[in-house]
Amino acid sequence: MSEHKVTQELYDEIQAYALARYEDGGWDVIVECIDGPGEMYELLHDEYTDRPDPTNLEEAIERLRDVVSVWADRQADARNSAF
């Protein structure tokens, strides 16, 4: 069984991408809550399918889009229900 992991380089690339989009709904959660390659792996790895783990920034972004979208929706709901 091979070891699956997110490299420090890929983690840094994802964090830089997310930081550049910090105000774009949901990407702030990546910046603020995902601390290190191990946590990023847990977010990116799909244990329920045979999809390979992302190995580059483009693949990682594609995998993160759905979850970032959910966080953006939740943030919008929280703002809209504040009053």
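Placed above this text is the structure.
In what follows, the accompanying structure is described.

So, how was this worked out
- Residues numbered from 1 in each chain as written.
- Predicted model: local features only at pLDDT ≥ 70, side-chain atom pairs only at ≥ 80, totals over all residues.
- Heavy atoms only, no water.
- Helix = DSSP H or I, 4+ residues; strand = E, 2+ residues; numbered from the N terminus.
- Buried < 20%, exposed > 50% of the residue type's maximum accessible area, 1.4 Å probe, protein only.
- Contact = heavy atoms within 4.5 Å.
- Areas by Shrake-Rupley, 256 points an atom, 1.4 Å probe, with all protein chains shown as cover.
- Salt bridge = Lys/Arg side-chain N within 4 Å of Asp/Glu carboxyl O.
- Expected span 1.5 Å × (residues − 1).
- Arc of directions from axis to C-beta.

Assigned secondary structure in the chain consists of four helices and zero strands. In sequence order, the chain lays out its α and β elements as α-α-α-α. Here the chain holds 83 residues, and 34% of them are scored as buried. Taking contacts inside the chain between residues at least 6 apart in sequence as the whole, the part at least 24 apart equals 57%. Here the chain displays about 5,900 Å² of accessible surface, and carbon together with sulfur accounts for 49% of that area.

So, on to the pattern of salt bridges. Counted by the stated rule, this structure contains two salt bridges. Here Asp 46 makes a salt bridge to Arg 51, at a shortest N to O gap of 3.2 Å. Put simply, Glu 62 and Arg 65 hold a salt bridge, and the shortest N to O gap is 3.4 Å. Placement of the pair is Glu 62 and Arg 65 together in helix H4 (residues 57-80), with a separation of three residues, close to one helical turn. Accessibility expressed as a relative area gives 53% for Glu 62, which makes it exposed.

Helix length check: helix H1 (residues 8-20), at 13 residues, gives a terminal C-alpha distance of 18 Å against a target of 18 Å (1.5 Å per residue), a fit within 8%. Residues of H1 that are buried: Leu 10, Tyr 11, Ile 14, Gln 15, Tyr 17 and Ala 18. Taken down its axis, H1 places every buried residue within 160 degrees of arc, on the same side. Facing away from the buried side of H1 by more than 90 degrees, the exposed set consists of Glu 9, Leu 19 and Ala 20.

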